[in-house]
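# An overview of the molecular structure
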Amino acid sequence: MFAAERRQLILEMVRANGAVSLRELARVVQTSEVTVRRDVRALEAEGLLDRRHGGAVLPGGFTRESGFPQKSHLATAEKTAIADLAANLVEEGEAIVVGAGTTTQELARRLARVPGLTVVTNSLLVAQALAHANRVEVVMTGGTLRGSNYALVGSGAEQSLHGLRVSRAFLSGSGLTAERGLSTSNMLSASVDRALVQAASEVVVLADHTKLGTDTMFQTVPTDLITRLVTDEPPAHDDRAATELQALADQGVQIAVAGGPGGSSAGVGGPGGDSVPARQQRRDVPLPGPRRQVPGAGGGLRSATMLGEQSPGAERARVADLRRR
């Protein structure tokens, strides 16, 4: 194997796993640790990775992706609240795509009661959550199984999405910033998520507050393509998350915030007439809506109706009001 080929393979391994030992790298590229150490040093000089004692990691400033066992135990209450709120967007007879992730898995569990629903997914976990839902049709992409998050990736997954058109895409990721949008640490996962976005009329991102302000290596959805963000209430001391929410709002992302335990208002109605438990509350933030200029609005963006509040009649009345102006 030539040096350039070795280094490309080393770089792909680090990008896929976040951190890899020199011993493992040497085993995969079938050379000595001395040679691998020299390759890692050269890649570091190009700014493509960082050396650590006994191995190599992603460049500083980027967050590595945790495996499914670790992610499944992070922010569980927040993910539950987000899934409860996001499920209110889905209507009977709709066709949607749902990406891979622990939050989208929680959403899938709530979609099992929506009659006539068609769900296209590359996630084995999402498909499993809907496997016994008699009134839901599940369509899986092709592709190669990525064991760390039980998702199908690669050219097979992407090609199976060509020509598909659905109403909404529900996606999660490793990080979300106003500057770059949604991102993930794995190149193959990012490519499939971009294909899912191309299939949908609008994009709904599900991200708990721990992902706000976090940047990872591969962009999946730029901010201007994100229609809505469903998140949870950031802690009072989390200035980074609050700042990022406002920055996303300033760029026209519609945001709905699910409250934590202790809420006192009535629950928000869910699909099929069910209701979300009272502790899972929604706080709609008065944020900019669709990215279009409205005559007479001084060149600014006009506020939009938030999740669960928009209706065809209200939209027609708003358009008529604009015409009278």
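Note that the coordinates shown come from a computational prediction; the quantities given were computed from them, not determined experimentally. (Residues numbered from 1 in each chain as written. Predicted model: local features only at pLDDT ≥ 70, side-chain atom pairs only at ≥ 80, totals over all residues. Heavy atoms only, no water.)

### Things to note about the overall build of the protein chain
When you go through the protein chain residue by residue, the secondary structure sums to 11 helices and 18 strands. Burial analysis of the protein chain (325 residues in total) assigns 48% to the buried set. Long-range pairs, those at least 24 residues apart, make up 64% of the contacts in the protein chain with a sequence separation of at least 6. When the accessible area of the protein chain is evaluated, it comes to approximately 15300 Å², of which 50% is carbon and sulfur surface. (Helix = DSSP H or I, 4+ residues; strand = E, 2+ residues; numbered from the N terminus. Buried < 20%, exposed > 50% of the residue type's maximum accessible area, 1.4 Å probe, protein only. Contact = heavy atoms within 4.5 Å. Areas by Shrake-Rupley, 256 points an atom, 1.4 Å probe, with all protein chains shown as cover.)

### Re the sheet that holds strand 13 (residues 218-221)
In spatial order, the strands read 10-11-13; together these 3 strands make up an open sheet with antiparallel pairing. The two strands at the open ends of the sheet, each matched to only one other strand, are strand 10 (175-177) and strand 13. Strand-to-strand twist across the sheet, computed as the mean angle between neighbouring axes with direction ignored, equals 40°. Sheet topology note: the strand 10/strand 11 (residues 181-184) ladder contains 3 bridges and is antiparallel. (Pairing = 2+ DSSP bridges. Axes fitted to C-alpha atoms, helices over the stretch in contact; angles between N-to-C directions.)

### What to know about the nonpolar core
With 30 residues, the main nonpolar core has Leu-176, Val-205, Leu-229, Leu-248 and Ile-255 as its most contacted residues. For this core, the secondary-structure elements that each account for two or more residues are strand 9 (166-171), helix 9 (187-198), strand 12 (200-206), helix 10 (239-250) and strand 15 (254-258). Every residue in contact with Leu-248, bar those within four places of it in the chain, is listed here: Leu-176, Thr-177, Ala-178, Leu-212, Thr-223, Leu-229, Val-253 and Ile-255. (Core = buried A, V, L, I, M, F, W, Y, C linked by side-chain atoms within 4.5 Å.)

### Remarks on the packing of helix 5 (residues 76-86) against helix 6 (residues 102-111)
Their axes nearest at 8 Å, the elements helix 5 and helix 6 cross at an angle of 50°. Of the possible angle classes, the one that applies to helix 5 and helix 6 is oblique. Crossing of helix 5 over helix 6 shows right-handed handedness. Here Lys-79, Thr-80, Ile-82, Ala-83, Asp-84 and Ala-86 of helix 5 lie close against helix 6, whose contacting residues are Thr-102, Thr-103, Glu-106, Leu-107 and Arg-110. The class makeup of the residues in the contact of helix 5 with helix 6 is 4 nonpolar, 3 polar and 4 charged. (Parallel < 35°, antiparallel > 145°, perpendicular 65-115°, else oblique. Left-handed = near helix turned anticlockwise from the far one by under 90°. Nonpolar A, V, L, I, M, F, W, Y, C, P; charged D, E, K, R; others polar.)

### Quick look at a nonpolar patch on the surface
Taken together, the side chains of Leu-124, Met-140, Leu-145 and Tyr-150 define a hydrophobic patch exposed on the protein surface, amounting to about 330 Å² of accessible area. Here Tyr-150 lies in the loop between strand 7 (144-146) and strand 8 (151-153). We classify Tyr-150 as partly exposed; its relative accessible area is 37%. (Patch = residues over 30% accessible without salt bridge, like charges linked within 9 Å, V, L, I, M, F, W, Y side chains within 5 Å. Salt bridge = Lys/Arg side-chain N within 4 Å of Asp/Glu carboxyl O.)

### Some details on the pattern of salt bridges
Oppositely charged side chains are able to pair whenever their charged atoms sit close together. On inspection of all chains with the given rule, the structure shows 11 salt bridges. Between Arg-27 and Glu-24 there is a salt bridge, and its shortest N-O distance comes to 2.6 Å. Residue Arg-27 and its partner Glu-24 are both found in helix 2 (residues 22-29); the two are separated by 3 residues, about one turn of the helix. On the basis of relative accessibility, which here comes to 55%, the residue Arg-27 falls in the exposed class. When its relative accessible area of 30% is taken as the criterion, Glu-24 is described as partly exposed.

### Structural notes on unusual backbone geometry
Residues other than glycine seldom take positive phi values, yet Gln-30 does so here, at roughly 60°. Positionally, Gln-30 belongs in the loop between helix 2 and helix 3 (33-45). Judged by relative accessible area, Gln-30 falls into the exposed class, the value being 74%. A positive phi angle is found at Tyr-150, which is not glycine, with a value near 55°.

### Description of the sheet that holds strand 2 (residues 50-52)
The strand order across the open sheet built from 3 strands is 1-3-2, with neighbouring strands paired in antiparallel fashion. Every interior strand has two partners, whereas the edge strands, strand 1 (19-21) and strand 2, have only one. The mean inter-strand angle of the sheet, taken between neighbouring strand axes irrespective of direction, is 25°. As paired strands, strand 1 and strand 3 (residues 55-57) are joined by 3 bridges and run antiparallel to one another. Within the sheet, the bridge partner assigned to Ala-19 lies in strand 3 and is Val-57.

### Structural notes on the confidence of the model for the protein chain
On average, residues of the protein chain score 77 in pLDDT, and 74% of them are at 70 or above. With pLDDT under 50 throughout, residues 66-75 is counted as low confidence; its partners more than four residues away or in other chains account for 14 contacts. Ignoring residues within four places in sequence, the model shows residues 260-312, a span with pLDDT below 50, making 108 contacts including any to other chains. (pLDDT = per-residue confidence, 0-100.)

### Concerning helix 10
The end-to-end C-alpha distance of helix 10, which contains 12 residues, comes to 16 Å, matching closely the 16 Å that a straight helix rising 1.5 Å per residue would cover. Taken residue by residue, helix 10 has Ala-241, Glu-244, Leu-245, Leu-248 and Ala-249 as its buried positions. In an axial view of helix 10, the angular spread of the buried residues amounts to 140°, which keeps them on one side of the axis. Opposite the buried face of helix 10, at more than 90 degrees from it, the exposed residues are Asp-239, Thr-243 and Asp-250. Phi turns positive one or two residues past the end of helix 10, at Gly-252, with a value near 95°. (Expected span 1.5 Å × (residues − 1). Arc of directions from axis to C-beta.)

### A short note on the environment of Ser-32
Relative to the elements of secondary structure, Ser-32 occurs in the loop between helix 2 and helix 3. A C-alpha to C-alpha distance of 9.2 Å links Ser-32 and Leu-22, two positions 10 residues apart in sequence. In this structure the side chain of Ser-32 is engaged in a polar contact, spanning 3.0 Å, whose partner is the side chain of Thr-35. (Polar contact = N/O pair within 3.5 Å; in protein donor to acceptor, adjacent residues only side chain to side chain.)

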